[in-house]
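# Coordinate analysis (summary)
Chain residues, written in single-letter form:
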Amino acid sequence: MRLSHKLAKLANPRTVRSAKQHLGRILLTRRFVFRLDAGKIIASIERLEFQAIYERYAVENPGGSWRKYLDLKRWVAINLRRVRELELDWGRRKHILDIGSGAGYFLYICQWLGHDALGLDIEDVPMYAEMFEALGLKRVLWRVEAFQPLPAFDRKFDLITAFMICFNGHKSPALWGPKEWSFLLDDLETRLNPGGRIRLGFNQENDGTFYTEELRRYFIARGARIDQHRVTFGPRPPNRR
Ligand SMILES: C[S@@+](CC[C@H](N)C(=O)[O-])C[C@H]1O[C@@H](n2cnc3c(N)ncnc32)[C@H](O)[C@@H]1O
């Protein structure tokens, strides 16, 4: 085929439509190839060094302590829900940063789905480091502090998450308000690729609320979509438009 003919074919609306359909099929395959099956995910974790970690740290009644994350069934289910809500079982490979990444289940499922996953956490709980090692995940050690930028990263992100947030002075008199959040969100936005999203998941404070009314109004004014403890910035995923 001559070059001029090839170029004409590329510009043809039917070729463009067929290419779009082909791309759609490729994107769809993530959903079918990587069917999110909690049993398979749990089995894949159990096969790793998880049992040794479990035996070192598990107690009968972990309460609200970090030992609760050894309940694989519960936490894989919670993190599968997070992955689905963010439509990460769909579409192209994304670069994801999870702040306060804990035991790493969310990032493990993301990585399992083919995404590029990076955690950020403090070093206080040795079990989190052991879990990251066992799960084959990477994290940056860093303490998030009010009015301090995050460290430099070697990439930009399509999604930045923080679930069950504790770095915001949670349950303390120093609980963050709009000024502290404004600083962090401004910083996070510089770390995003075009079209990137931020998902915050709040913990309940002592009075049972997730955030003050003042903070809720600030998030709304900044363009957030709020669903109880979930606060999201950036475009809706394609399926929810
Ligand atoms: C309640 S756990 C939530 C873990 C995980 N995001 C989840 O939802 O399963 C809070 C996490 O935040 C981390 N963290 C607490 N203070 C932090 C800070 N100032 N900077 C970074 N991470 C922090 C803890 O080490 C822990 O990993």
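The coordinates are above.
A brief look at the structure comes next. These numbers were taken from a predicted model, which means no experiment stands behind them.

Our focus in this paragraph is the nonpolar core. Most often, soluble globular proteins have nonpolar side chains that are buried together. Among the nonpolar cores identified, the biggest contains 37 residues, and Ile45, Tyr105, Phe106 and Met127 are the most heavily contacted of them. Elements represented by at least two residues in this core include exactly α3 (38-57), α4 (72-85), α5 (105-112) and α6 (126-135). Excluding anything up to four places from it in sequence, Tyr105 contacts Ile45, Phe50, Tyr69, Leu70, Leu72, Trp75, Asn79 and Met131. Among the nonpolar cores identified, the runner-up in size contains 28 residues, and Ile160, Ala162, Tyr211 and Phe233 belong to it.

All right, on to the site of the ligand then. Lining the immediate surroundings of the ligand are 14 residues, of which Gly100, Gly102, Asp121, Val144 and Phe163 lie closest. At 2.9 Å, a backbone N or O of Val144 approaches a nitrogen atom of the ligand. Contact between the ligand and Phe163: a nitrogen atom at 2.9 Å from a main-chain N or O atom of the residue. Within the complex, 88% of the 590 Å² of free accessible area of the ligand lies under protein. Tallied by class, residues from the shell around the ligand come to 9 nonpolar, 2 polar and 3 charged.

Right, let's get into the packing of α3 against α5. Contact geometry for α3 and α5: axes closest at 12 Å, N-to-C directions at 110 degrees. In terms of their interaxial angle, α3 and α5 are classed as roughly perpendicular. Contacts between α3 and α5 involve Lys40, Ile41, Ser44, Ile45, Leu48 and Phe50 from the first element and Tyr105, Tyr108, Ile109 and Trp112 from the second. Considering only residue class, the contact of α3 with α5 consists of 8 nonpolar, 1 polar and 1 charged.

A word on the sheet that holds strand β2 (residues 116-121). Hydrogen bonds between backbone atoms are what pair the strands of a sheet, whose relative direction is either parallel or antiparallel. With mixed pairing, 7 strands are arranged side by side in an open sheet as β3-β2-β1-β4-β5-β7-β6. Single-partner strands in this sheet number two, and they are β3 (138-141) and β6 (225-227). Strand after strand, the sheet turns through a mean of 20 degrees between neighbouring axes, direction not considered. The sheet contact formed by strand β1 (residues 95-99) and β2 spans 5 bridges and is parallel. Note on β2: the bridge partner recorded for His95 is Asp116. Against the sheet, α6 engages β2 and β3, with an angle of about 150 degrees to β3.

Strand β4 (residues 157-162) sits mainly inside the fold: 6 of its 6 residues count as buried. Bridge count between β1 and β4: 3 bridges; the pairing is parallel. The partner of Asp98 across the bridge, within β4, is Thr161. Where β4 lies against strand β5 (residues 192-201), 5 bridges are found, and the strand directions are parallel.

Another aspect to go through is the packing of aromatic side chains. Applying the stated criterion across every chain, the model contains 17 aromatic pairs. Between Phe202 and Tyr211, the ring centres sit 5.7 Å apart and the planes meet at 85 degrees, which makes this aromatic pair edge-to-face. Residue Phe202 is classed as buried on the basis of its relative accessible area, which comes to 4%. The class of Tyr211 is buried, set by a relative accessible area of 14%. Between Phe210 and Tyr211, the aromatic rings sit 6.5 Å apart at their centres with planes inclined by 45 degrees, giving tilted as the arrangement.

Rules behind the numbers
Residues numbered from 1 in each chain as written. Predicted model: local features only at pLDDT ≥ 70, side-chain atom pairs only at ≥ 80, totals over all residues. Heavy atoms only, no water. Core = buried A, V, L, I, M, F, W, Y, C linked by side-chain atoms within 4.5 Å. Buried < 20%, exposed > 50% of the residue type's maximum accessible area, 1.4 Å probe, protein only. Helix = DSSP H or I, 4+ residues; strand = E, 2+ residues; numbered from the N terminus. Contact = heavy atoms within 4.5 Å. Near = heavy atom within 4 Å. Polar contact = N/O pair within 3.5 Å; in protein donor to acceptor, adjacent residues only side chain to side chain. Areas by Shrake-Rupley, 256 points an atom, 1.4 Å probe, with all protein chains shown as cover. Nonpolar A, V, L, I, M, F, W, Y, C, P; charged D, E, K, R; others polar. Axes fitted to C-alpha atoms, helices over the stretch in contact; angles between N-to-C directions. Parallel < 35°, antiparallel > 145°, perpendicular 65-115°, else oblique. Pairing = 2+ DSSP bridges. Phe/Tyr/Trp six-rings, centres within 6.5 Å; stacked < 30°, edge-to-face > 60°.

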